[in-house]
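Examination of the molecular architecture
So the chains spell out like this:
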Amino acid sequence: MIAEWGWLAPLMFATLFLLLLTGYPVAFVLGAVAMIFGALGVVLGAIPIELVQAVPERLFGIMRNETLMAIPFFTLMGLILEKSQLAEELLEAVSQLFGRVRGGLAYAVIIVGALLAATTGVVAASVMAMGLISLPIMIRHGYSPAISSGVIMAAGTLAQIIPPSLVLIVLGDTLSVPVGDMYIGAMMPSLILTGFFALFIAVASMIKPQWLPAQPALRVDINWSKLLHALLPPLVLIFLVLGTIFIGLATPTEAGAMGAAGALVLALVKRRLSMALLHQALDGTAKLTSFVMFILIGSSLFALVFRALN
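Residues numbered from 1 in each chain as written. Predicted model: local features only at pLDDT ≥ 70, side-chain atom pairs only at ≥ 80, totals over all residues. Heavy atoms only, no water.

Comments concerning the pattern of salt bridges
Counted by the stated rule, this structure contains one salt bridge. Here D283 and K287 are joined by a salt bridge, their closest N and O atoms 3.4 Å apart. With D283 and K287 both in helix α13 (residues 275–308), this residue pair falls four residues apart, about one helical turn. Its relative accessible area of 37% is what places D283 among the partly exposed residues. (Salt bridge = Lys/Arg side-chain N within 4 Å of Asp/Glu carboxyl O. Helix = DSSP H or I, 4+ residues; strand = E, 2+ residues; numbered from the N terminus. Buried < 20%, exposed > 50% of the residue type's maximum accessible area, 1.4 Å probe, protein only.)

Focus on the layout of surface pockets
The computed volume of the second largest pocket comes to approximately 320 Å³. Lining the second largest pocket are 13 residues, with R58, T174, L296, S299 and S300 sitting closest to its centre. Breaking the lining of the second largest pocket down by element, the ones donating at least two residues are α3 (54–64), α9 (166–175) and α13. Here the element with the most residues in the lining of the second largest pocket is α13; it accounts for six residues. Within the lining of the second largest pocket, the residues separate by chemical class into five nonpolar, five polar and three charged. (1 Å grid on protein atoms, 1.4 Å probe; cavity = no way out; pocket = protein on both sides within 12 Å on 5 of 7 lines; lining within 4 Å. Points joined across faces, edges and corners; volume = space filled by probe spheres on them. Nonpolar A, V, L, I, M, F, W, Y, C, P; charged D, E, K, R; others polar.)

Thoughts on α13
Taking 1.5 Å of rise per residue, the 34 residues of α13 would be expected to cover 50 Å, and the 49 Å separating its terminal C-alpha atoms lies within 8% of that figure. Immediately downstream of α13, the backbone of N310 shows phi near 65 degrees, a positive value. (Expected span 1.5 Å × (residues − 1).)

What about the packing of aromatic side chains?
For the coordinates displayed, the defined rule picks out three aromatic pairs. Aromatic pair F302 and F306: ring centres 5.6 Å apart, planes at 15 degrees, arrangement stacked. Of this pair, F302 and F306 both sit in helix α13, four residues apart, which is roughly one turn of the helix. Given a relative accessible area of 10%, F302 falls into the buried group. An aromatic cluster is defined as three or more aromatic residues linked by ring pairs; in this entry it consists of F13, F302 and F306. (Phe/Tyr/Trp six-rings, centres within 6.5 Å; stacked < 30°, edge-to-face > 60°.)

Observations concerning the packing of helix α4 (residues 70–83) against α13
Look at α4 against α13: their axes get within 9 Å of each other, and the N-to-C directions meet at 140 degrees. Taken as axis vectors, α4 and α13 run oblique relative to one another. Helix-helix and strand crossings are classified by hand; for α4 and α13 the assignment is right-handed. Note on element contacts: α13 touches α4 through L277, Q280, A281, L282, G284, T285, L288, T289 and V292, opposite I71, P72, T75, L76, L79, I80 and K83. When its residues are assigned to classes, the contact of α4 with α13 shows ten nonpolar, five polar and one charged. (Axes fitted to C-alpha atoms, helices over the stretch in contact; angles between N-to-C directions. Parallel < 35°, antiparallel > 145°, perpendicular 65-115°, else oblique. Left-handed = near helix turned anticlockwise from the far one by under 90°. Contact = heavy atoms within 4.5 Å.)

Shown next, in the form of structure tokens:
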């Protein structure tokens, strides 16, 4: 019977691909395609009706998974840091290190992007913060719009791979691999990727120097005190989150809770913690977490039906 309806699985995959190109939310596309082809498979006899009983078990399995509790914690941490203007201070401080180096602002964006990725784990937070702060500065100093936007997008998406990445949490849960192992495994590739971004800027500055002009205006004495004040908080948070995971003191969920608490304390110390900031961060956390959970539910249903269709 399965061989008779063997065309259903390729059609299901093609339908998913086409619907994703429409721009409709991934979570709902996955769920809808799974439900449609699951029902079609049952009607045609390609899928046993007993398989439907596995759906509630899968959904409850996702909701009972304690590892996924790390997602709202890391999201909350990232949004609080974004709202407390950590990125702005970091960029200003790191840009001093490069002075008149050609492409110095681009290097600063890459380094700050990597630091933000290691403290937020949320791509949206990194990209929005870097875009709003960096792009006007780079354009004002004569950088190519293409290079400027490209560097910001590339540095922002480092949050996909640099721990504590939400993607790695979801991937670890899907593959039944400990999230701590996923984080350890991602460290070297993420450092290599960051290095390649910097290498690209170095090559581009030699081939097309007009795209990345030197900045005499940035040649100022480095304010080491200001630099330390900008770099110390994210470095402490990175150790609080990743260090405790790597040395085995905390699980990813516990480390996420400590990171969220640390971000709140940091915002409080900087006198930027307010009810408005907290409300925005909690609202954003609820939305992003819900969307991630819907993606997990949709992908789980899709995998169940896809496997059933052989």
